[in-house]
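Observations on the model geometry
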Amino acid sequence: MSTDRWQKSSYSGTAANCVYVAASDDGTIKLRESDDSGAVLTTTPERLAAFIRSVKTGELDRFTDS
């Protein structure tokens, strides 16, 4: 039985397309989108922090450049 408590992103507001996050008992972080709650991305807190830092610094912008 899962004890994950999913929290909606505060940036989602009242929008229908929301990102949810949960911290699991084993220390992993889980992410899912409201459109497909069965598809869950699992990572470590360290890797999630590194990803967020990369996004904030623009390191990943090249993936969206046309």
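Residues numbered from 1 in each chain as written. Predicted model: local features only at pLDDT ≥ 70, side-chain atom pairs only at ≥ 80, totals over all residues. Heavy atoms only, no water.

**Overview of the environment of Thr 28**
Test applied: We count a stretch as a helix when DSSP gives it H or I for four or more residues in a row; a strand needs E for two or more, and each element gets its number in order from the N terminus. Should any heavy atoms of two residues lie within 4.5 Å, those residues are counted as being in contact. Throughout this description, a polar contact denotes any pair of N or O atoms lying within 3.5 Å of each other; where both atoms belong to protein, one of them has to be capable of donating a hydrogen while the other can accept it, and for residues adjacent in sequence the pair is counted only when both atoms sit in side chains.
For Thr 28, the location among the structural elements is in the loop between β2 (19-23) and β3 (29-33). Measuring from C-alpha to C-alpha, the distance between Thr 28 and Ser 10 comes to 21 Å, with 18 residues separating the pair along the chain. Not counting residues within four places of it along the chain, the set of residues in contact with Thr 28 comprises Ala 22, Ala 23, Thr 42 and Thr 43. A distance of 2.7 Å separates the side chain of Thr 28 from the side chain of Asp 26, its partner in a polar contact.

**Here's the deal with the sheet that holds β3**
Heads up, the rule is: Note: two strands are recorded as paired if DSSP finds a minimum of 2 bridges between them.
Ordered in space as β1-β2-β3-β4, the four strands form an open sheet in which the pairing is antiparallel. If you trace the sheet from one side to the other, it starts and ends with β1 (7-8) and β4 (36-43), each paired once. Where β2 and β3 come together, five bridges link them in antiparallel fashion. If you follow Tyr 20 over to β3, its bridge partner there is Arg 32.

**A look at the confidence of the model for the protein**
Selection rule: What pLDDT conveys is the predictor's confidence in a given residue, as a value from 0 to 100.
Per-residue confidence for the protein averages 86 on the pLDDT scale, and 94% of its residues sit at or above 70. Considering each helix and strand of the protein separately, the mean pLDDT is smallest for β1, with a value of 88, and largest for helix α1 (residues 45-57), with 94.

**What to know about the packing of aromatic side chains**
Here is the rule: Here is the rule: rings of Phe, Tyr and Trp (six-membered ring for Trp) pair when centre to centre is within 6.5 Å. Planes less than 30 degrees apart are stacked, more than 60 are edge-to-face, and the remainder are tilted. Working rule: Lys NZ or Arg CZ, within 6 Å of ring centre, within 35 degrees of ring normal, means a charge sits over the ring.
Within the structure shown, the criterion is met by zero aromatic pairs. Geometry around Trp 6 places Arg 32 over its ring, the cationic atom sitting 4.2 Å from the centre. Looking at Arg 32, its charged tip hangs above the ring of Tyr 20, at a distance of 5.1 Å from the centre.

**Here's the deal with α1**
Counted only if it meets this: Take the number of residues in a helix, subtract one, and multiply by 1.5 Å to get its expected span.
The first and last C-alpha atoms of α1 sit 18 Å apart over 13 residues, in line with the 18 Å expected at 1.5 Å per residue. Phi turns positive, to about 85°, at Gly 58, one or two residues after α1.

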